[in-house]
Amino acid sequence: MIDSKPPAFTNLNDYAKEDVGAKVLFATDDFFAICDNMLLNTEPVFLADKYTEYGKYMDGWETRRKRVAGHDWCIIRLATICSIKGLLIDTAFFVGNYAPKYSIQAAVLKPEDEALIPKRNASFGTGATADDFKQIQKLRTDTWEEIVPLTVLQPGNEETRRNYQKVLSDEAWTHIRINIFPDGGIARLSVFGDAMPPVPPPDQLIDLISMLNGGKLLGFSNGQFSSPKNLIKPEKSLSMADGWETARRLDRPKVITTYDNGTITSPGNEYAVFKLGFTGRVKKICADTTQFKGNYPDTIRFEGVNLGNKEWEDSQDIPWKTILGPVKLSANREHWFDCDSDTINHVRVIIAPDGGMSRVRMYGFVESNQIM
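A few points about unusual backbone geometry
Okay, step 1: For the peptide bond that leads from Phe181 to Pro182, omega is -10°, which places it in the cis range.
Okay, step 2: At Phe93, a residue that is not glycine, the phi angle is positive and equals roughly 75°.
Okay, step 3: Mapped onto the secondary structure, Phe93 falls in the loop between β6 (72-90) and β7 (101-107).
Okay, step 4: You can call Phe93 partly exposed: its relative accessible area is 35%.
Okay, step 5: With a phi close to 55°, Asn332 is a non-glycine residue in the positive phi region.

Rendered as structure tokens:
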């Protein structure tokens, strides 16, 4: 039976995606399909007639059938230091060739530790050499803390492909080791959690809402085509799929009219609420509609509030205060605005009447006494 409601931890940021900075540093084998595919931010696809010189092309990580002692594994550097609250191991389309079992270990590595990892040059038909194994042994990755014990995986049929795993730990990690037993394939990996970066100095301008600095989505009104969680990714988007796009509001008028200032008179709006990575004062805001050319919002408004150490709830009467806008938007560009907010740790982004945008940046200074 297809799980129609993924676990709550999937609402957190995914720190195992290539487009936010995660990277495969080592893999024992990349024979049929390279390990890096697991970190792609796209749905896996199956191309029935596509083959390489080494065998069937698969959109994921697939090792050869092991004919020597041991099992396959890889090391991934997460996008930033973070806690891990849950995982998704997606075996899509790996039916007779999926990895039957897996486990995950985690560690915090310094740059000098990472320097011990042999240089990776992945391609079809390759695997780690004897020298690679000798060098990687210096890290003793087999002794890293186990955060997911030996666990059975299900095959990549639509009804069984999504293998969710809750993780009960509050510790922060920078790297994970994925063990598959003994060999086989995995299509995609997601690692959901909370960024736990060190508090920056109060005179350093940072993006307070960025997922790499601890920003996270708490709630939203509509995400018909894509989630507002994408707004706080660090890199610019490459398509509309990698942004926030709502449905067209059904209460829009039959004929659109405008006010004297050029904004449209259509009623209604959509919103997304974020918790900032650090309590601070916002000085500059970027509303980026890149990729959204015929479906960008007409206007945007930003509201902020400092809830101290209280948790936001949609049912609460929150004393939101406007910190910017409403301001007019246009297609396919970055819009930069000056801002001078009070000390805040939550933001509500309000677009009117509907539409899509790719990124939001909120640059400011952290308060020296953090209450998060």
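A short note on the pattern of salt bridges
A side chain with one charge can pair with a side chain of the opposite charge if their charged atoms come near.
Okay, step 1: Counting across every chain of the model gives 27 salt bridges.
Okay, step 2: Of the charged contacts, one joins Arg120 and Asp30 as a salt bridge, the two residues approaching to 2.9 Å between their closest N and O atoms. With Arg120 in the loop between α1 (111-114) and α2 (130-136) and Asp30 in the loop between β2 (23-27) and β3 (51-52), this residue pair connects regions lying 90 residues apart in the sequence.
Okay, step 3: Overall, the relative accessible area of 2% leaves Asp30 in the buried class.
Okay, step 4: Among the salt bridges present, the one from Asp90 reaches Arg161, with a minimum N-O distance of 2.7 Å. Taken together, the residues Asp90 in strand β6 and Arg161 in the loop between β8 (145-152) and β9 (162-166) connect sequence positions 71 residues apart.

Calculation notes
- Throughout this document, residue positions are counted from 1 along each chain, in the order its sequence is written.
- Local features in a predicted model are, by the rule used here, given only for residues with pLDDT of at least 70; side-chain atom pairs are given and counted only at 80 or more, and totals for whole chains, interfaces and linings are based on all residues.
- As a convention, hydrogens and water are excluded, and side-chain values are obtained from all of the structure's heavy atoms.
- Numbering of helices and strands starts at the N terminus; helices are DSSP runs of H or I of at least 4 residues and strands are runs of E of at least 2.
- Partly exposed describes any residue whose relative accessible area lies between the buried limit of under 20% and the exposed limit of over 50%, with all areas from a 1.4 Å probe on protein chains only and scaled to the type maximum.
- Salt bridges are defined as contacts in which a side-chain nitrogen from Lys or Arg sits within 4 Å of a carboxyl oxygen from Asp or Glu.

Taken by themselves, the reported measurements are silent on function.
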